[in-house]
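Reading the structure
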2 protein chains.
Amino acid sequence: MFSDNHKTAGVAYPQGFTAAGVRAGIKKNGNLDVAVIYTEREAAVAGVFTKNLVAAAPVHLSKIVVNTGTAHAVVANAGCANACTGEQGVKDAEKMAELTARELGCRADDVIVASTGLIGSNLPMDKMAAGIKDAVSKLSKDGSVNAGNAIVTTDTYSKACATEIELGGVEVRFGAIAKGSGMIRPDMATMLCFITTDADIDQKLLQAALREITEVSFNCVSVDGDMSTNDMVVVLANGAAGNKKIVDKGADYQKFYDTLKSICVEMAKRIAADGEGATKFITLNVTGAKSFADAKQVGMAVANSPLCKSAIFGHDSNVGRFICAVGYSGVKIIPEKVIIKFGGITAYEKGLVTKFDADAMRKVLAEHDIVIDIELGLGSAQATVYTCDLSFQYIKINADYTT
Amino acid sequence: MFSDNHKTAGVAYPQGFTAAGVRAGIKKNGNLDVAVIYTEREAAVAGVFTKNLVAAAPVHLSKIVVNTGTAHAVVANAGCANACTGEQGVKDAEKMAELTARELGCRADDVIVASTGLIGSNLPMDKMAAGIKDAVSKLSKDGSVNAGNAIVTTDTYSKACATEIELGGVEVRFGAIAKGSGMIRPDMATMLCFITTDADIDQKLLQAALREITEVSFNCVSVDGDMSTNDMVVVLANGAAGNKKIVDKGADYQKFYDTLKSICVEMAKRIAADGEGATKFITLNVTGAKSFADAKQVGMAVANSPLCKSAIFGHDSNVGRFICAVGYSGVKIIPEKVIIKFGGITAYEKGLVTKFDADAMRKVLAEHDIVIDIELGLGSAQATVYTCDLSFQYIKINADYTT
């Protein structure tokens, strides 16, 4: 579904969208750090934002833009989060929108603003102004790769994808870029993700779809249990494909919804797989729960357990730590009903750590992708949670990431 | 208050108590691994236990002993947790009590049983039987150091203390040993701690005092956010001091309570300071909260944040991560009212990261003991939470601690 060809096209794959990423000197290492995504045709906009009470200035501003229902552009930077920056931070975020709007010839409240990076320092606005001007001048159908690289921080690679579907004989395209890495956890988008589509869809339906989908994609990822001040996922739908506008939850909506969901799940998985210092990508399938919320809570307890995560780093199933985390998750489990499997091999059942084939288990744990099934035996609800292991490198990155 | 002299006396410091620790071959490294604490005079017993739904067999058994109100002995081992061991685990825990009771000439339901170590494997009962026999034969007033060493796992040192007070002209003594290290977190004792006293006190008062005190001592410690299957704190009070029995909440009770609290807080602090891989001991004073529960919740969000903990490991205040954790704690804080100080130096105030003296901050963060004040500005309740940093060594210990 997500071919490499499409991936490089990213957010500029849908008709009417262009993108750019430039070096403005905001990142200390001199890498790309300012991105602009643009659609001349007005787009319906939807967004989901961090629930952290210490939200950054750009989060507050972008919520207002989403509330207007429409947008023409996204401007984003990495290297400075513009969080805990008070009045100056608010002015700087507003200025980013104004500068972008002036260059593009749209209104400032048509510009989504996002920042990521170090908390507590002010944006260098002279560099930002030059960067925005430069980025707008470079907007193109080939600009998504640079835009994607301009929003990463400690990510080891930029996350991007693109795909298309047919709605009533019309091709409708989707593209996305995202950054993740540290401060990734439940209960919010927990990263930056920008999704573009040339579908024509009612804004309220788009917002409702995004909110639902976020719950089973980005909100099911945990790298370290921390929730960032700057997280957002934003969708722009500009209608350039010319499909019959989606105005109700019919067949076209379902097709659109499924595609948006598959993009969000794909990006969520890539964010987990590229968690800070990750050497393993872990998929936790929690089944047999009484509700989705219960299943997710159990999955998150395991995903947030340093003991479970460092066991996987050490290629050790140590299922005792996993059933222990299930036991303190807060969900009323019955230990004797729980079954835990690593790569299909049962390691815990009927209240006991089972005797399994150690060689087969070693092979499972030597893989990069580890699938852990946790069957609760209490109901029929399920959730899938994505995470990574906890390695020396995580500590190194976060002890050295200096203020 | 807690002299080194007293510390070596530990749980055998109060009149009528003896202790021993022996090598039974349960720990792979051949260290001391079976401990017995004994009082010939029947003691009032109180206990607080893990809330983990996957509690180990000895936890279930010891709860029953506490419910009888009296006890004569504690038998504990390290190296095998006897958790997730099903029916066999229950039988083995019962057998530990029976073997100890037989050697001591008391009833099996007078013996508190505790185990710590790897989850999921069965106790080697032949070794255990020989170990218990050996330990009982070695019970003495000098045995507390060995008993303390017999209950540690990845602890780098055994925690012990002892002290005395005067109640109505009579000297009343207290002693304690504890183990902590990994799987240390809120919501329970989260470790093993055995406290002895020769005070004469009503069992129900003792139990109520211990429960209250646990909330502000052991339940305010977090090393890694994991909650163990085996945690318990148990107090034995044998009345050998001959004080006028404490039967109500008068002056004697208050003096007893304050002493028991200071012991529990001291042991909690030592457990945090010796968290797995810890290079720093962190005290989080959360003030200005609307309730103790709110203050504790904020402190725990910081104490459980890998980002905050690895920043301290890297000698970096990075206050953005701290206010971020305060923001997602779930407590309704107002970012502009929060003040965060490291060693008395204000790093965050009025919604902003402040400009502080970097040299002075470096000195604060170079110390082993770091005090962080978080003032919420919302009320007058407070809580103190104890934790440690997150280091390479934590990962090494937990990746290598093999099943």
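One structure accompanies this document, and this report is about it. (Residues numbered from 1 in each chain as written. Chains lettered and ligands numbered in written order. Predicted model: local features only at pLDDT ≥ 70, side-chain atom pairs only at ≥ 80, totals over all residues. Heavy atoms only, no water.)

**Describing the environment of Thr 163 of chain B**
All names here are of chain B. With respect to the element layout, Thr 163 can be found in strand β5 (residues 159–167). In this structure Thr 163 comes out as buried when scored by relative accessible area, which is 2%. Residues Thr 163 and Thr 259 lie 96 residues apart in sequence; the distance between their C-alpha atoms is 8.4 Å. (Helix = DSSP H or I, 4+ residues; strand = E, 2+ residues; numbered from the N terminus. Buried < 20%, exposed > 50% of the residue type's maximum accessible area, 1.4 Å probe, protein only.)

**Some remarks on the relation of the copies chain A and chain B**
It takes a turn of 180° to lay chain A on chain B, together with a shift of 0.0 Å along the axis; the resulting RMSD is 0.0 Å. Both copies are brought into coincidence by an operation consistent with a two-fold rotation axis. Rotation axis and chain A: the residue whose C-alpha lies nearest the axis is Phe 392 of chain A, separated from it by 2.7 Å. An overlap of 100% is found between the interface residues of chain A and their copies at the interface of chain B, pointing to a shared contact surface. (Least-squares fit on C-alpha atoms with pLDDT ≥ 70 in both. Contact = heavy atoms within 4.5 Å.)

**Digging into the interface of chain A and chain B**
In many analyses, interface size is given as the accessible surface area lost on bringing the parts together. At the junction of the two partners, chain A supplies 53 residues and chain B supplies 53 residues. Summed over both sides, the interface of chain A with chain B buries roughly 4100 Å², with 65% coming from carbon and sulfur. In terms of surface lost to chain B, no three residues of chain A exceed Leu 307, Tyr 328 and Ile 395 of chain A, which account for 15% of the buried area on that side. Scanning the region where chain A abuts chain B turns up 0 salt bridges. (Buried area = accessible area lost by both parts, 1.4 Å probe. Salt bridge = Lys/Arg side-chain N within 4 Å of Asp/Glu carboxyl O.)

**Side note on the packing of aromatic side chains**
Residues and elements named next belong to chain A. A full pass over the atoms with the stated rule returns 8 aromatic pairs over all chains. Both rings, one in Phe 174 and one in Phe 256, keep their centres 5.3 Å apart while their planes meet at 45°; by these two values the pair is tilted. Of the two residues, Phe 174 sits in strand β6 (residues 170–179) while Phe 256 sits in helix α7 (residues 251–273), which places them 82 residues apart along the sequence. An identical accessibility class is assigned to Phe 174 and Phe 256; each is buried. Here the aromatic rings of Phe 281 and Tyr 386 are separated by 6.1 Å at their centres, their planes lie at 10°, and the arrangement is stacked. Remark: Tyr 386 occurs in strand β15 (residues 381–388) and Phe 281 occurs in strand β10 (residues 281–289); sequence separation between them is 105 residues. Both residues of the pair, Phe 281 and Tyr 386, belong to the buried class. (Phe/Tyr/Trp six-rings, centres within 6.5 Å; stacked < 30°, edge-to-face > 60°.)

Function cannot be inferred from these measures alone, as they are strictly geometric.
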